[in-house]
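Chain residues, written in single-letter form:
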Amino acid sequence: MPRYFFHLIDGSDIRDEVGEQLPDFAAARRSALLILGEILNARSERFWQDGSVRVVVDCEGRTVIEVEARDMSPRPARLSVV
């Protein structure tokens, strides 16, 4: 059974060093979406500050899946004092 590693990319870049054995690629895709949802729920304030979060999945040393949530809403303009 292949081992998949689910890395978090959101400015803190947390690498999964343990991974998870899953029966197939479809199971890894489902897990990637579930993990992304859990991250958005747990880190919602950080998401709205940073504007994006990504889960990168690798298997046997190569990236096989990337799922990303991105905030596309307009950002308030920053005022600069001259």
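Residues numbered from 1 in each chain as written. Predicted model: local features only at pLDDT ≥ 70, side-chain atom pairs only at ≥ 80, totals over all residues. Heavy atoms only, no water.

### Quick notes on the confidence of the model for the protein chain
- With 90% of its residues at a pLDDT of 70 or more, the protein chain shows a mean pLDDT of 89.
- No element of the protein chain has a lower mean pLDDT than helix H2 (residues 44-50), which averages 83, and none a higher one than strand E2 (residues 20-21), which averages 96. (pLDDT = per-residue confidence, 0-100. Helix = DSSP H or I, 4+ residues; strand = E, 2+ residues; numbered from the N terminus.)

### So, the environment of Phe 5
- Within the secondary structure layout, Phe 5 lies in strand E1 (residues 3-9).
- Separated by 53 residues in sequence, Phe 5 and Asp 58 have C-alpha atoms that sit 5.3 Å apart.
- Those residues within four positions of Phe 5 in sequence are excluded, and the remaining contacts are Asp 16, Glu 17, Val 18, Gly 19, Val 56, Val 57 and Asp 58. (Contact = heavy atoms within 4.5 Å.)

### Observations regarding the environment of Asp 16
- One can find Asp 16 in the loop between E1 and E2.
- For the pair Asp 16 and Val 53, spaced 37 residues apart in sequence, the C-alpha separation works out to 15 Å.
- Once residues within four sequence positions are removed from consideration, Asp 16 is found in contact with Tyr 4, Phe 5, Phe 6 and His 7.

### With respect to the packing of aromatic side chains
- If you walk through the whole model with that rule in mind, you get one aromatic pair.
- Here Phe 47 and Trp 48 contribute two aromatic rings whose centre-to-centre distance is 4.9 Å and whose plane-to-plane angle is 65 degrees, an arrangement assigned as edge-to-face.
- Overall, Trp 48 belongs to the partly exposed group, its relative accessible area being 48%. (Phe/Tyr/Trp six-rings, centres within 6.5 Å; stacked < 30°, edge-to-face > 60°. Buried < 20%, exposed > 50% of the residue type's maximum accessible area, 1.4 Å probe, protein only.)

### What to know about helix H1 (residues 25-42)
- Taking 1.5 Å per residue as the helical rise, H1 with its 18 residues ought to reach 26 Å, and the 26 Å between its terminal C-alpha atoms agrees with that figure.
- Where H1 is concerned, the buried positions are Ala 27, Ala 28, Ser 31, Ala 32, Leu 36 and Ile 39.
- At its buried positions, H1 is contacted by E1, H2, strand E3 (52-59) and strand E4 (62-70). (Expected span 1.5 Å × (residues − 1).)

### Some points on the pattern of salt bridges
- Scanning the entire structure with this criterion turns up five salt bridges.
- With its nearest N and O atoms 3.4 Å apart, the salt bridge here joins Asp 10 to Arg 46. Of the two residues, Asp 10 is situated in the loop between E1 and E2 and Arg 46 in helix H2; the sequence distance between them amounts to 36 residues.
- When its relative accessible area of 7% is taken as the criterion, Asp 10 is described as buried.
- Its relative accessible area of 31% is what places Arg 46 among the partly exposed residues.
- In this structure, Arg 54 engages Glu 66 in a salt bridge whose closest nitrogen and oxygen atoms are separated by 3.0 Å. You can see Arg 54 sitting in strand E3 and its partner Glu 66 sitting in strand E4, a full 12 residues away along the chain.
- Here the salt bridges share partners, and the residues they tie into one network are Asp 10, Arg 43, Arg 46 and Asp 50. (Salt bridge = Lys/Arg side-chain N within 4 Å of Asp/Glu carboxyl O.)

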